[in-house]
Amino acid sequence: MSQDPAQSGPGPAAGPGSLGPEAHVMVGNADKFINWCRRSSLWYLLFATACCGIELMQAGASRYDLDRFGAIFRATPRQSDLMIVAGTITHKMASRVIRLYEQMPEPKYVISMGSCANTGGPFYKDSYCVVKGVDLLIPVDVYVPGCPPRPEALIDGIIKLQKIIDQKRNFAAKA
Amino acid sequence: MEPKEIFEKVTEKFGGKAVELQEEGFRPAFVVVSPESVREIALFLRDDPALKFDSLMCLSGVDYKDRFAVTYHLHSLSVGHQIGVKTYLPREAPSLPSVDMVWPAANFQEREAFDLYGIVFEGSWDLRRILLPEDWEGHPLRKDYKYPEFYNGIKV
Amino acid sequence: MKARAEALPTQEMLINMGPQHPSTHGVLRVILRTDGEVVVNARPDVGYLHRALEKIGERVTYAQYMPFTDRLDYLAAMNCNAAWAWTVEKLAGIEVPERAEYIRVIVSELNRIASHLIAFGSFTADMGAFTPFLYAIRERERINDLFEDICGNRLTYNYVRIGGVSADLPDRFLEKTKEFLDYFEPKVPEYNNLISYNKIFVHRLANVAAVTPEDAVGYGLTGPNLRGSGVPFDLRKNEPYSVYPEFDFDVCVGTGERGTLGDCFDRYMVRINEMKESVRIVRQAIEQIPEGPVMAKVPRMFKPPVGEVYFRAENPRGETGIYLISDGTVNPYRLKIRAPSFVTMGIFEKITKGLMIADVVAVIGSFDIILPEIDR
């Protein structure tokens, strides 16, 4: 019996107690379902320090809409699970970054956006008060290069993070 | 008014406290004054009807290698002329009277000069570090400043 | 009953409006001491983005410093680039070709429109209306496209160079700019219809934090903040530089139309009207731009003569002044940037006494500050 979904119509009527071809069933493990939920609604903390912050705002606004990935900005770390560190981090700000990271509930992810957050950026050589990379303070999952990175690059970083989340195992492996 | 006329007016009121006029290669020209007289000369520059310098454009500290300086760039909105005022300070314990009661715009800029150079402004209503953390050691914009190795455990 | 309420003892609260906050336009910390909802003292604490731009200036050459001026006020990066270029040219006496000056004015005014759009969008978002932000970003993206045509970047351009601009305008740039201006000009009355005269918006802004003209001059306010208090001082008219004398435009001044002169609403309306004037200037520049080279002959390892110069330019946020001391070598000796937002923060503590906490947000938004300029 040909099962070409493009040509066939609604299909034969199903009798009671049996699942017809239109029934929508997903078969998988709990990991797949949980990861699907988590990666499709990454709420990010608005943590924009410097120029990359404007690209972050423009990425979340009209043209490069981050809302279609389920990513909404939240103002408080208690309600967000993604921190996009956009901009230069100075020594005065460093303790606040760590405090914000600790205030986020698990599971949490960090994207380091822009040269300044990756390695200190153009201020690497001569500046006495810039932290040379936010990974000296908190663990980072994805690095997005650029000065500032285009919104498409940030979206690429978020998609890479979604792929990382898809691989995670939420339940302990058997010993 | 031309810088020479402004210099003459200041000299005829304050005598030797106005030390010299730096004109060649300096735009705007600088009237160099002695540090202790900064506040009274500033009041005169603001209130005199012919001068009327009511706007402080910029206050900055400078480190010439043998001494410090504080420069004030003034502008008059009504008359339209500009002038600079400069005082030289010794490298050890530089201090001079504050002008924040003459132009309130001076307060933040004096705090910045204190933070980055260590110049003390006496009589300022609020003199604290402004740009660097409170427990930072040293004054970074001095020419002989050495970058610290670590700050609170993070490599500088 | 009222006497009993007034006799109730109250305690002051100490609230931290921290460096990470959606409405502080960056990493600004405000330490609020409040009596209930009324602010007793609001002290700003800045320095969370101090990146030592002045020290870096003493270690790089004049041409190498140009990208750092982009990061100074990134919403008006072309203006900051141009201010640095004009300062060095004033010190060294370099003659810039006329076509380059016209291009500088065109990109500066387009950047002024873009900067005021973000000021408008984020200010209305702070007041609670989120939709104007999306409209403003939609317009700003078209300006970003124009800038991407010119120099390849959307935010930090490094396009204006000492002696001119780095490359001539690409094909059809002037037509595309004209199309954008025709598209944008009816948008400003649309914004006024949508939000500017909305009753709640006016009620939140009128009579809040009025700055008298004497205070504005004494505290060093410049740009739209000064003009919002009624002082008609615009550097492009009063001390013109570059080719601004060739253009015909009005200076927008606050009038106290909905409240006291110098309140938040006046400063907001000055910015909205300035967008219209910038459109006029760009139209005239497109008509008048001559042909010619775009870069003067400047040596590779450029050594200006010994001297000190102070130059100021009219940036969207106020007057950006650069005090440059040169000792004849390839690096500047001392480079002091007089940032408008830094000086504007001096009046913050005085002006917020007695306001409600929500009005503090209105004040920060109406002054249109940007933190990297404050902290350098």
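Predicted, not measured: the structure shown is a model, and the values here were computed from it.

Draft legend 1. The overall build of chain A, seen in detail. Helix and strand counts for chain A come out as 5 helices and 5 strands. Within the span of chain A, comprising 175 residues, buried residues form 45% of the whole. Here the contacts in chain A between residues at least 6 apart in sequence split such that 77% fall between residues at least 24 apart. For chain A, the accessible area works out to roughly 9,100 Å², and carbon and sulfur atoms hold 57% of it.

Draft legend 2. Molecular detail of the interface of chain C and chain A. At the junction of the two partners, chain C supplies 39 residues and chain A supplies 35 residues. Carbon and sulfur atoms supply 63% of the area buried between chain C and chain A, which totals about 3,200 Å² over both sides. On inspection of chain C and its partner chain A, the count reaches 6 salt bridges. Two residues, Arg59(C) and Asp126(A), come together in a salt bridge whose shortest N-O distance is 3.5 Å. Applying the counting criterion to the chain C and chain A interface returns 16 residue pairs in polar contact (both at pLDDT 80 or more). Among the elements that line the side of chain C that touches chain A, the one with the most residues is helix H6 (residues 131-151) of chain C, at 10 residues. Looking at side-chain class alone, the side of chain C that touches chain A contains 19 nonpolar, 7 polar and 13 charged residues.

Draft legend 3. Main features of the packing of aromatic side chains. Residues and elements named next belong to chain C. Taken as a whole and judged by the stated rule, the model has 34 aromatic pairs over all chains. Feature note: the residues Phe120, Phe123, Tyr191, Tyr197, Phe201, Phe265 and Tyr268 constitute an aromatic cluster, connected by ring pairs. The ring of Phe249 is capped by Lys237, whose NZ or CZ atom sits 4.3 Å from the centre of that ring. The ring of Phe342 carries the charged tip of Arg376 above its face, separated from the ring centre by 4.9 Å.

Draft legend 4. Up close: helix H1 (residues 3-14) of chain B. Residues and elements named next belong to chain B. Relative to the 16 Å expected for 12 residues at 1.5 Å per residue, H1 spans 16 Å between its end C-alpha atoms, a close match to the ideal helical length. Of all the positions in H1, only Pro3, Ile6, Phe7, Val10 and Phe14 are classed as buried. Down the axis of H1, the buried side of the element spans an arc of 100°, and every buried residue falls inside it. Buried-residue contacts for H1 involve strand E1 (18-22), strand E3 (30-33), helix H2 (38-47) and strand E6 (82-89). Following H1 by one or two positions, Gly15 has its phi on the positive side, about 65°.

Draft legend 5. Just a negative patch on the surface, in detail. A cluster of like negative charges, contributed by Glu2(B), Glu5(B), Glu8(B) and Glu12(B), occupies part of the molecular surface. Looking at the element boundaries, Glu8(B) is found in helix H1.

Draft legend 6. Local environment of the nonpolar core. With 193 residues, the main nonpolar core has Met83(A), Tyr72(B), Trp84(C) and Tyr159(C) as its most contacted residues. The leading source of residues in this core is helix H5 (residues 98-126) of chain C, at 12 residues. Leaving out residues up to four positions away in the same chain, Met83(A) has contacts with Leu45(A), Val97(A), Leu100(A), Tyr101(A), Met104(A), Tyr109(A), Val110(A), Ile111(A) and Ile138(A). Membership of the second largest hydrophobic core comes to 22 residues, among which are Leu56(A), Leu66(A), Leu154(A) and Leu161(A).

Draft legend 7. Structural detail: H5(C). For H5(C), with 29 residues, the first-to-last C-alpha span of 42 Å sits near the 42 Å given by 1.5 Å per residue. Phi turns positive, to about 115°, at Gly128(C), one or two residues after H5(C).

Draft legend 8. Representation of the packing of helix H4 (residues 77-92) of chain C against H5(C) within the structure. Residue and element names in this part refer to chain C. Their axes nearest at 8 Å, the elements H4 and H5 cross at an angle of 145°. Crossing handedness for the pair H4 and H5: left-handed. Residue-level contacts link Ala77, Met78, Asn79, Ala82, Ala85, Trp86 and Glu89 of H4 to Glu101, Arg104, Val107, Ser108, Asn111 and Arg112 of H5. For the contact of H4 with H5, a count of residues per class yields 6 nonpolar, 3 polar and 4 charged.

Draft legend 9. Seen up close, the state of the cysteines. Evaluated as defined, the whole model comprises 0 disulfides over all chains. Distance from the sulfur of Cys51(A), which forms no disulfide, to the nearest cysteine sulfur (Cys52(A)) is 6.2 Å. Among the residues examined, Cys51(A) registers a relative accessible area of 8% and is labelled buried. Cys264(C) takes part in no disulfide bond, and the closest cysteine sulfur, belonging to Cys252(C), lies 18 Å away. Owing to a relative accessible area of 0%, Cys264(C) belongs among the buried residues under this scheme.

Draft legend 10. Looking closely at the sheet that holds strand E7 (residues 318-326) of chain C. One open sheet holds the 4 strands; their spatial order is E2(B)-E6(C)-E7(C)-E8(C), and the pairing between them is mixed. The open sheet is flanked by strand E2 (26-27) of chain B together with strand E8 (334-338) of chain C, the only strands paired with a single partner. Alignment of E7(C) against E8(C), held across 5 bridges, turns out to be antiparallel. Along E8(C), the bridge assignment pairs Leu324(C) with Leu335(C).

Draft legend 11. Just the interface of chain B and chain A, in detail. At the junction of the two partners, chain B supplies 13 residues and chain A supplies 11 residues. There are 1 residue pair in polar contact (both at pLDDT 80 or more) connecting chain B and chain A.

Draft legend 12. Quick peek at the sheet that holds strand E4 (residues 55-64) of chain B. Residue and element names in this part refer to chain B. Taken in spatial order, the 5 strands make up an open sheet running E1-E3-E6-E5-E4, and their pairing is mixed. On the outer flanks of this sheet lie E1 and E4, each paired with one strand and no other. Each strand of the sheet is rotated relative to its neighbour by a mean of 25°, with strand direction disregarded. In the sheet, E1 pairs with E3 via 4 bridges, with the strands oriented antiparallel. Looking at the pairing, Leu21 lines up with Val31 of E3. Set on the sheet, H1 makes contact with E1, E3 and E6; between it and E1 the angle comes to about 175°.

Criteria and thresholds
- Residues numbered from 1 in each chain as written.
- Chains lettered and ligands numbered in written order.
- Predicted model: local features only at pLDDT ≥ 70, side-chain atom pairs only at ≥ 80, totals over all residues.
- Heavy atoms only, no water.
- Helix = DSSP H or I, 4+ residues; strand = E, 2+ residues; numbered from the N terminus.
- Buried < 20%, exposed > 50% of the residue type's maximum accessible area, 1.4 Å probe, protein only.
- Contact = heavy atoms within 4.5 Å.
- Areas by Shrake-Rupley, 256 points an atom, 1.4 Å probe, with all protein chains shown as cover.
- Buried area = accessible area lost by both parts, 1.4 Å probe.
- Salt bridge = Lys/Arg side-chain N within 4 Å of Asp/Glu carboxyl O.
- Polar contact = N/O pair within 3.5 Å; in protein donor to acceptor, adjacent residues only side chain to side chain.
- Nonpolar A, V, L, I, M, F, W, Y, C, P; charged D, E, K, R; others polar.
- Phe/Tyr/Trp six-rings, centres within 6.5 Å; stacked < 30°, edge-to-face > 60°.
- Lys NZ or Arg CZ within 6 Å of the ring centre and 35° of its normal.
- Expected span 1.5 Å × (residues − 1).
- Arc of directions from axis to C-beta.
- Patch = residues over 30% accessible without salt bridge, like charges linked within 9 Å, V, L, I, M, F, W, Y side chains within 5 Å.
- Lys, Arg positive; Asp, Glu negative; His and termini not counted.
- Charge placed at Lys NZ, Arg CZ, Asp CG, Glu CD.
- Core = buried A, V, L, I, M, F, W, Y, C linked by side-chain atoms within 4.5 Å.
- Axes fitted to C-alpha atoms, helices over the stretch in contact; angles between N-to-C directions.
- Left-handed = near helix turned anticlockwise from the far one by under 90°.
- Disulfide = S-S within 2.5 Å.
- Pairing = 2+ DSSP bridges.

Taken by themselves, the reported measurements are silent on function.
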